[in-house]
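What follows is each chain in one-letter form.
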Protein chains: 2
Amino acid sequence: MDIQSYFPIWNQLTSAQQHLILDSLMERSVQKGTLIHNGSGDCTGLLLVQSGQLRAYILSEEGREITVYRLFDRDLCLFSASCMLRSVQFDLAIEAEKDTTLWVIPAEIYRRVMEESAPAANYTNEVMAARFSEVMWLIEQIMWKSLDRRVAAFLLEEGEIEGASVLKITHETIANHLGTHREVITRMLRYFQNEGMVKLSRGAVELRDKKRLEELRGT
Amino acid sequence: MDIQSYFPIWNQLTSAQQHLILDSLMERSVQKGTLIHNGSGDCTGLLLVQSGQLRAYILSEEGREITVYRLFDRDLCLFSASCMLRSVQFDLAIEAEKDTTLWVIPAEIYRRVMEESAPAANYTNEVMAARFSEVMWLIEQIMWKSLDRRVAAFLLEEGEIEGASVLKITHETIANHLGTHREVITRMLRYFQNEGMVKLSRGAVELRDKKRLEELRGT
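These lines cover the structure that appears in this document, whether it is placed above or below. Values in this document were obtained by computation on a predicted structure and should not be read as measured data.

Cut-off values and rules
- The residue numbering used here restarts from 1 in each chain and proceeds along that chain's sequence as written.
- The order in which chains are written sets their letters, starting at A; the order in which ligands are written sets their numbers, starting at 1.
- For a predicted model such as this one, the threshold for reporting local features is a pLDDT of at least 70, and the threshold for listing and counting side-chain atom pairs is 80 or more; totals across whole chains, interfaces and linings nevertheless cover every residue.
- Only heavy atoms go into the side-chain values, all of them from the structure, while hydrogens and water stay out.
- Helix and strand definitions follow DSSP, with helices as H or I runs of at least four residues and strands as E runs of at least two, each counted in order from the N terminus.
- Exposure is judged per residue with a 1.4 Å probe applied to protein chains only, and the accessible area is read against the type maximum: over 50% gives exposed, under 20% gives buried, and values in between give partly exposed.
- Whether two residues touch is decided by their heavy atoms; if any such pair falls within 4.5 Å, the residues are in contact.
- Pairing of aromatic side chains requires ring centres within 6.5 Å, counting the rings of Phe and Tyr and the six-membered ring of Trp. Pairs whose planes differ by under 30 degrees are stacked, by over 60 edge-to-face, and all others tilted.
- For a Lys NZ or an Arg CZ to count as sitting over a ring, it must be within 6 Å of the ring centre and within 35 degrees of the ring normal.
- Superposing copies: least-squares fit, C-alpha atoms only, residues required to have pLDDT of at least 70 in both.
- When two parts are put together, the accessible area they lose, computed with a 1.4 Å probe and summed over both, is reported as buried area.
- Just to be clear on terms, a salt bridge is a Lys or Arg side-chain nitrogen sitting within 4 Å of an Asp or Glu carboxyl oxygen.
- Side-chain classes are defined by residue name, with Ala, Val, Leu, Ile, Met, Phe, Trp, Tyr, Cys and Pro counting as nonpolar, Asp, Glu, Lys and Arg as charged, and the others, Gly among them, as polar.
- Should DSSP find at least two bridges between two strands, the strands are taken to pair.
- Fitted lines through C-alpha atoms give the axes, limited to the stretch in contact for helices. The angle between two N-to-C directions lies from 0 to 180 degrees.
- To estimate how far a helix should reach, multiply one less than its number of residues by 1.5 Å.
- Whenever a nitrogen or oxygen atom comes within 3.5 Å of another N or O atom, the pair is scored as a polar contact, on the condition that within protein one atom can donate a hydrogen and the other can accept it, and that pairs from neighbouring residues in sequence are kept only if both atoms are in side chains.
- Take the buried Ala, Val, Leu, Ile, Met, Phe, Trp, Tyr and Cys residues and link them wherever side-chain atoms come within 4.5 Å; each set so joined is a nonpolar core.

Right, let's talk about the overall build of chain A for a bit. Counting secondary structure elements, chain A contains seven helices and 11 strands. Projected onto its principal axes, the C-alpha positions of chain A cover 60 × 45 × 30 Å. Taking all 219 residues of chain A together, 52% fall into the buried category. Residue pairs in contact within chain A that sit at least 24 positions apart in sequence constitute 68% of those at least 6 positions apart.

If you walk through the whole model with that rule in mind, you get 17 aromatic pairs over all chains. When the centroid spacing of 5.4 Å and the interplanar angle of 15° are considered together, the rings of Phe90(A) and Phe132(B) count as stacked. Remark: Phe132(B) occurs in helix H3 (residues 118-144) and Phe90(A) occurs in the loop between strand E6 (76-77) and strand E7 (93-96); the pair is interchain, linking two chains. An aromatic cluster is built from Phe79(A), Phe90(A), Phe132(A), Phe79(B), Phe90(B) and Phe132(B), whose rings are joined through pairwise contacts. In this structure, Arg55(A) is placed above the aromatic ring of Tyr57(A), and the distance from its NZ or CZ to the ring centre is 4.1 Å.

This part takes up the relation of the copies chain A and chain B. Under the fitted operation, chain A is carried onto chain B by 0.0 Å of movement along the axis and a turn of 179°, and the coordinates agree to an RMSD of 0.2 Å. Both copies are brought into coincidence by an operation consistent with a two-fold rotation axis. Among all C-alpha atoms of chain A, that of Ala118(A) lies closest to the rotation axis, at 2.0 Å. Most of the interface of chain A is mirrored in chain B: 100% of its interface residues are interface residues there too.

The next point concerns the interface of chain A and chain B. Contacts between the two partners involve 49 residues from chain A, matched on the other side by 49 residues from chain B. In this assembly, chain A packs against chain B so that about 4,200 Å² is buried in total across both faces, 63% of it on carbon and sulfur atoms. The tally of links between chain A and chain B comes to zero salt bridges. For the side of chain A that touches chain B, the secondary structure elements donating two or more residues are strand E4 (54-59), strand E5 (65-71), helix H2 (107-116), helix H3 (118-144), helix H4 (147-162) and helix H6 (182-194) of chain A. No other element matches H3(A), which puts 20 residues into the side of chain A that touches chain B. Grouping the amino acids of the side of chain A that touches chain B by side-chain chemistry returns 25 nonpolar, 10 polar and 14 charged.

Peptide bonds are, in most cases, trans, and in most cases residues other than glycine have a negative phi. In this structure, Arg74(A) takes a positive phi of about 70° despite not being glycine. Mapped onto the elements, Arg74(A) comes out in the loop between E5 and E6.

Residues and elements named next belong to chain B. Counting buried positions over the six residues of strand E4 (residues 54-59) gives five, a clear majority of the element. In this structure, E4 lies alongside strand E7 (residues 93-96), joined through four bridges in antiparallel fashion. What sits directly across from Arg55, in E7, is Glu95.

Below, the discussion takes up the sheet that holds strand E11 (residues 204-207) of chain B. Each strand in a sheet pairs with its neighbour through backbone hydrogen bonds, running either in the same direction (parallel) or in the opposite one (antiparallel). All names here are of chain B. Taken together, three strands build an open sheet; the order of strands is E9-E11-E10 and the sheet is antiparallel. Strands with a single pairing partner mark the edges of an open sheet, and in this sheet they are strand E9 (166-168) and strand E10 (198-201). On average, each strand axis in the sheet is tilted by 20° relative to the strand beside it, whichever way the strands run. Pairing between E10 and E11: four bridges, direction antiparallel. Bridged to Val198 within E11 is Leu207. The strands that helix H6 (residues 182-194) touches are E10 and E11; relative to E10, the one it contacts most, it runs at about 125°.

Next up on the list: H6(B). The periodicity of an α-helix, 3.6 residues per turn, causes residues three or four positions apart to be oriented the same way. Residues and elements named next belong to chain B. In this model, H6 (13 residues) spans 18 Å end to end at C-alpha, consistent with the 18 Å of a helix rising 1.5 Å per residue. Residues Ile185, Thr186, Arg187, Met188, Leu189 and Phe192 constitute the buried set of H6. Gly196 lies just past H6 and shows a positive phi near 80°.

Right, let's get into the environment of Gly218(B). Residue and element names in this part refer to chain B. Mapping Gly218 onto the fold places it in the segment after helix H7 (210-217). Judged by its relative accessible area of 29%, Gly218 falls in the partly exposed class. Considering only alpha carbons, one finds Gly218 and Leu71, 147 residues apart in sequence, at a separation of 29 Å.

You can see Thr44(B) is positioned in the loop between strand E2 (35-38) and strand E3 (46-51). Among the polar contacts made by the side chain of Thr44(B), one reaches the side chain of His37(B) at a distance of 2.6 Å.

Here the focus is the nonpolar core. Counting residues in hydrophobic clusters, the biggest one holds 106 residues, and the most contacted among them are Phe7(A), Leu46(A), Phe7(B) and Leu46(B). When neighbours within four sequence positions are excluded, Phe7(B) is seen to be in contact with Leu46(B), Leu48(B), Leu76(B), Ile105(B), Tyr110(B) and Tyr123(B).

Here it is in structure tokens:
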């Protein structure tokens, strides 16, 4: 396995820390629909997605769900090991959206490495900050749902102007058109891609489901 | 100042790291209403609240606001130094809700300490996890708004049963009544307190604004 794609700081760990992780690593294959982790009572461990797709969501008392974020190949799931963080006070469930193969690092092992290693702790910080950003984005979507409509409208308009369904356009350019940041557009387009509305490639956005984009845009 | 109340891991820092922080610390007094930090472009630094009250909120493109969390005496504000975390991709604004005195640690100094010190990085992780929990709680409130009503209803009912506005009751007991966790109730009651509906003291909850509790409970 190429563990550096999950931990860019791998070479900053000591040999002992690397062995601790490698020796405890478990491979697991789960079928689509499997509930892998169920709330903070579960101490599943860190999940490293080899292939497949996971969904992290919260559940209301009435059984309603909302997806908080998704995880794809080479993503790392931190909150399935939330038992190692005292301050985590929410219950996240994680299920396989597709047949998925993953590695699991036991939470206790990861906590031990993180306690001694500043690079590991700082990397964990970055992973948490990235998830935090996804959650803040979700709040904005829930509260205001406006930019997604604007992006959908912009893409459809560009498609009409160019008379094409493959738009040669950078995220930066779209951001400049709409008065926002490139990162925000990148995030939005990835969401569109997850939903099957567009397909992204270097320097291009392909419109795959114009009907849904039109529905999103509204009138 | 008692810096250990902000950094329980203070004694695990080296003398050089402690001096780096102490020598860079700036005291700042701001009046109620002051905008202290405005989005990720601002690299204000870590804020340590001496006295007063801060509000962290996000702003929609149309100018609508939503409070994400509040900070009180001895709280530490991390996201005002979000420039030190590459993965933070959201804009939080922080304003003084009351006249506030605070210390500021420049982001660059804190980042340097965090890079070398596993205890500092792990503590930062815990602070971020605590804020993450507040944000997840907010999503649940926004999406489902049910437990707050249940807590309000429970407190009003207890007040009627006891014929008193000061309830001698622990958070644990309330949690057991409502089938939830103590931490969730503590969080909810602190929110009620921030809103002026109750006043908390050891082993007691005083109902301060029954009218608003009744409104919250609904019919």
